[in-house]
Amino acid sequence: MTFRRFLIKRIVIAFLLTLVSVSIIFVTLRALPGTPFSSLVASGGLSGEQVAELEAQYGLNEPIYVQYVKYIQSLLTLNFGYSIAESRPVSAIIYPRLLNTLVLLVPALITTAIVSSIAGLYAGWNRGSAFEQGSIVVTTFFRSTPVFVTGIFLLVIFAYQLGIFPAFGMRSPLDNPQGAIETYFAVDFAKHYFLPFVATVLYYSGDFLLLARNSVIERKGSAFLTLHRAKGLTEREQLARAGRNSMLPLVTYFALRMGMLFQGVITLEVVFAWPGIGRTLVQAINQQDYPTVQAAVFIMALAVIVMNLLADVMYAKIDPTVEEGDL
Amino acid sequence: MSLLEVEDLKITYSTSEVDVHAVNGVSFEIDDGSNYGLVGESGCGKSTVAHSVLGLLDDNGNVEAGSIKFDGRELLDCSEQEWQEIRWEEIAYIPQSAMDSLDPVMSVGAQIRQAMHKHRDVTKAEANERVEEVFDIVGLDPSRTEEYPHQFSGGMRQRVTIAMALVLDPDLIIADEPTTGLDVIVQDKIVHKLLEIQEEIDSSMLLITHDMGVIAETCDDVSVLYGGKVMEQGSTDDVLKNPTNPYTMGLKNSFPDIEEFDSQAVSIPGSLPDLTREPTSCVFSNRCPFATEECEREHPALREVENQQSACYHVDRVEELREEAVDPETWGLDPVDQGGREAGDVILETEGLTKWFEQGQSIVDQLMGREKDYVKAVNGVDLTVRENEIVGVAGESGCGKSTLGEVIAALQTHTDGEIRFRGTPVEELLSGDSKEFRSKVQFIFQDPFDSLNPRQKVRAAVSEPLKIQGVEGDEITERVRQTLADVGLSPVDKYIDSFPHQLSGGERQRVAIARALVLDPELLICDEPASMLDVSLKASILNILREMATERDMGIVYISHDLASLSQITDRLAVMYLGQVIEVGKTREIVTGPRHPYTASLLAASPNVDPAVDRTRVLLPGEPPNPVNLPEGCNFAPRCPKATEECRESEPERAAWVDEGHEAACYFPVDDVQAELLDRYEGATDAAGTTGEELPQEQGSSAP
């Protein structure tokens, strides 16, 4: 199978998966008891007629299949509609929050993927060394501690005791930056950024370290490494070959994690009061704000699917044997 | 001065509990341009010696004493950096398992270039040119250098590693079991290539193998290793022809000639010596039938006997020992009444049996309704097995012989055709309560290390089938003990409560056999039951099977690629090629007078243990075609020197040639193997150079 055919096939599958996932979101939300306005009725703020009028305004009185078709149509044009709870375009709510999340998590994930993978390769190569054992204990500790606990400890030590870093938010309350550059490339932002960044890096480091270590251990002692050694390759060159052969699980895991980043890490956002997508989603679900929830979940599902696709493509590029087998 | 001088080398491996003394004082010398063989069974230290010459010992391996001098330079004093310069530049290495010794994510050309760039200052273009050159030398298509290892078959990968070893014109090539795991025809071609190349570039070779046949055909001098000691040393002709050491004699017994029918296989009883401490007696004394008190004192030094050296106290009685060593009774084996087995009623009969494996298909192809591709693993096989008969199924890897075994044992469903057990179709037997059928047909798997549950004691493993069949508790114990004793695991009490990991490979396979026999099956299917075992143990497994067949009136299907053991044990033989039986008949008739060109090639390719015999190599061109797209006509036609238009157009019936139960699927059966096949193969390779390799080659990289 040629690479192009492989790619087309994967994209078609990804598209179908997306369709399935948005349909599930649609059905699930409609299956929840109540409507966005039921709380208003309960509190006596609105009469039955007013609610019916509002529902008509949002198209909620139409038959469910019509709503579904309209929903799919809008999604295909990336039109997410208006938020019921906040009365402004959903995109205006979601995009900035999503950006905040990604600005925090993507660099953190990339950093930890590179640093802990290399550390893992090294640890696996020097099996039984103090470095290997120490690194496993440390990273497993941070992996198994909930991220908000690590976050709280970081806050207690660096923000409240030492007072080096600010305790919450993305910027000082008094700052009022305009535009992305001013927002994200400021000393004040960097100070707020540091603690949640560290917490994330520590949280993810264990996975990459253990994966890299285990796959190097698996490769170590394999016949092809012996042959590389017999050819006169230095220790470092041999490790590089072992690392190259250990890429597959790392790339898969990285892509999956990357896809999941779009969901944000709610506990982290809460502890550091970071205005990210995770908190927005929880809020929207509580308010039964259909359009916002649908849009947010759609983006999350899409991200996972796209990243999976990317992982498959990278697979085919990294491992010459993959293209042959049908995926 | 010799090229390589190894002197009194001692190597231990440290484990968490004890030190294992793997090599206990080995000395030998390799001259310029000569081939040196190290032969011995697994655990004799031969690979350890080879690795130490390249400084490739594992981290826990320590050279305790001795010296390794290469070109007068002491290698053991080298720093890691000096080692890196010597490796490949001076001493190259051909690894044991070509299947996984190439880096899977690097093109083969790049792997070879890497070795060049490491040692020479060459441009990429120069390196490329050289890679193509060595590809050409080993008979690979030079345009395939940028392909990845998985695109080559096992034999071709071994050629890649040989090409890699040649690339820098090293003075010494260490070949560690270069042909183990390859099919006999491929092995023959590889050995031929190695010798041819060596003659050309005039390097020395250190060949490590357990196969005396390969040694006999390639090496000038040889050392026989056992328990980390040299047992016998000398020129190959002398050592193999007139062994002077009891161990060499025993090892030679384990390599019977193909044409030795019905001779009882002679094994060496017992197991390897305990190497956790330095040997205090002759390392072979616990298994040696000639051992005396003298042998317990210490390991004998090498002494001159005839034209070679032997580490034995009884060198003065060589003639006598040699005579006695060929007698099975010397090795504590009861002579078994050979031959005279009368085959009884038909137990199993297959008719047009096929097993096709569906190949994955893309969605588009499915929607378009295109026909699916099938791997035709078994393609129309008729086979009959009678009571008290051992039927051999021979063939190279990927020919479908294992699948055939699993299908007739109903471990896999079949696609088409019929299997009748005692006249009843298998479907019928399986449709209701399949217990009865299952108890009558038993299977022994290839790998005794995998086929036993590591958490089950021997007692549990052997009694499990009885429990499934609902046998009572007391009877179970009795039958388990009886069967264990029958397969030679005695005293039973010593084994019955052991876990598999406490047993040796040979003992485990006996447990597996006991587990199969405990139900008193009528049909036993053995899939390469001895191929994972050491040569000296192989014979004992064969003997047990033979005995059982005679005693219990069983029918046995013995699947193997090893023609020597097949000819020793089987009554009838079916030779498979690409899912079809191409020749069938009495074993003796097939071995002495093969009719199908493929059978004849297969038989002619087995290496001969006698170094004096000058055998023409079987240079069968190409590789078996892809079992998905089989050629029109006879499957063997593309490689057959006798093929005509007729062969390429229509497929010969199995009984195209018949002579009293000896059938061959060939229009032009062979009469004179030498003139009709071997000479022509040689002619074809000389004339066509590498073109033979351009035949379909996917096959082999994915052999089941």
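Overview of the structure. This is a predicted model, so every value here is computed, not measured.

### As for the overall build of chain B
The helix and strand tally for chain B stands at 25 helices and 24 strands. Relative to its length of 704 residues, chain B is compact, with a C-alpha radius of gyration of 26 Å against a globular reference of 27 Å. By its C-alpha atoms, chain B is 75 × 65 × 50 Å across when sized along the principal axes. By residue count, 57% of the 704 residues in chain B fall in the buried class. Sequence-distant contacts in chain B: of pairs separated by 6 or more residues, those separated by 24 or more amount to 71%. Total accessible area on chain B is roughly 28200 Å²; 44% of this is exposed by carbon and sulfur atoms. Computing the positive centroid from 60 side-chain charges and the negative centroid from 132, chain B places the two 5 Å apart.

### Considering a nonpolar patch on the surface
Residue and element names in this part refer to chain A. A surface patch of nonpolar side chains, amounting to about 910 Å² of accessible area, comprises Phe148, Ile152, Phe153, Val156, Ile157, Tyr160, Leu162, Ile164 and Phe168. Relative to the helices and strands, Tyr160 is located in helix H7 (residues 147-161). Judged by its relative accessible area of 56%, Tyr160 is exposed.

### Remarks on helix H5 (residues 154-166) of chain B
With 13 residues, H5 of chain B should reach 18 Å at 1.5 Å per residue; the first-to-last C-alpha distance of 19 Å fits that figure. Taken across its 13 residues, H5 of chain B has 13 buried, putting it largely inside the fold.

### Remarks on the pattern of salt bridges
Residues and elements named next belong to chain A. Counted under the stated rule, the structure contains 37 salt bridges over all chains. Across the salt bridge formed by Arg143 and Asp207, the nearest N and O atoms sit 2.5 Å from each other. With Arg143 in helix H6 (residues 130-144) and Asp207 in helix H9 (residues 187-219), this residue pair connects regions lying 64 residues apart in the sequence. According to the relative accessible area criterion, Arg143 is partly exposed, its value standing at 27%.

### Quick look at the side chain of Ser498 of chain B
Residues and elements named next belong to chain B. Within the secondary structure, Ser498 sits in the loop between helix H18 (492-496) and helix H19 (505-517). For Ser498, a relative accessible area of 8% gives the class buried. A polar contact is formed between the side chain of Ser498 and the backbone oxygen of Tyr495, at a distance of 2.9 Å. Aside from chain neighbours lying at most four places away, what touches Ser498 is Lys457, Val458 and Leu503.

Each value, and the rule that gives it
- Residues numbered from 1 in each chain as written.
- Chains lettered and ligands numbered in written order.
- Predicted model: local features only at pLDDT ≥ 70, side-chain atom pairs only at ≥ 80, totals over all residues.
- Heavy atoms only, no water.
- Helix = DSSP H or I, 4+ residues; strand = E, 2+ residues; numbered from the N terminus.
- Rg over C-alpha atoms; globule rule 2.2 N^0.38 Å.
- Buried < 20%, exposed > 50% of the residue type's maximum accessible area, 1.4 Å probe, protein only.
- Contact = heavy atoms within 4.5 Å.
- Areas by Shrake-Rupley, 256 points an atom, 1.4 Å probe, with all protein chains shown as cover.
- Lys, Arg positive; Asp, Glu negative; His and termini not counted.
- Charge placed at Lys NZ, Arg CZ, Asp CG, Glu CD.
- Patch = residues over 30% accessible without salt bridge, like charges linked within 9 Å, V, L, I, M, F, W, Y side chains within 5 Å.
- Salt bridge = Lys/Arg side-chain N within 4 Å of Asp/Glu carboxyl O.
- Expected span 1.5 Å × (residues − 1).
- Polar contact = N/O pair within 3.5 Å; in protein donor to acceptor, adjacent residues only side chain to side chain.

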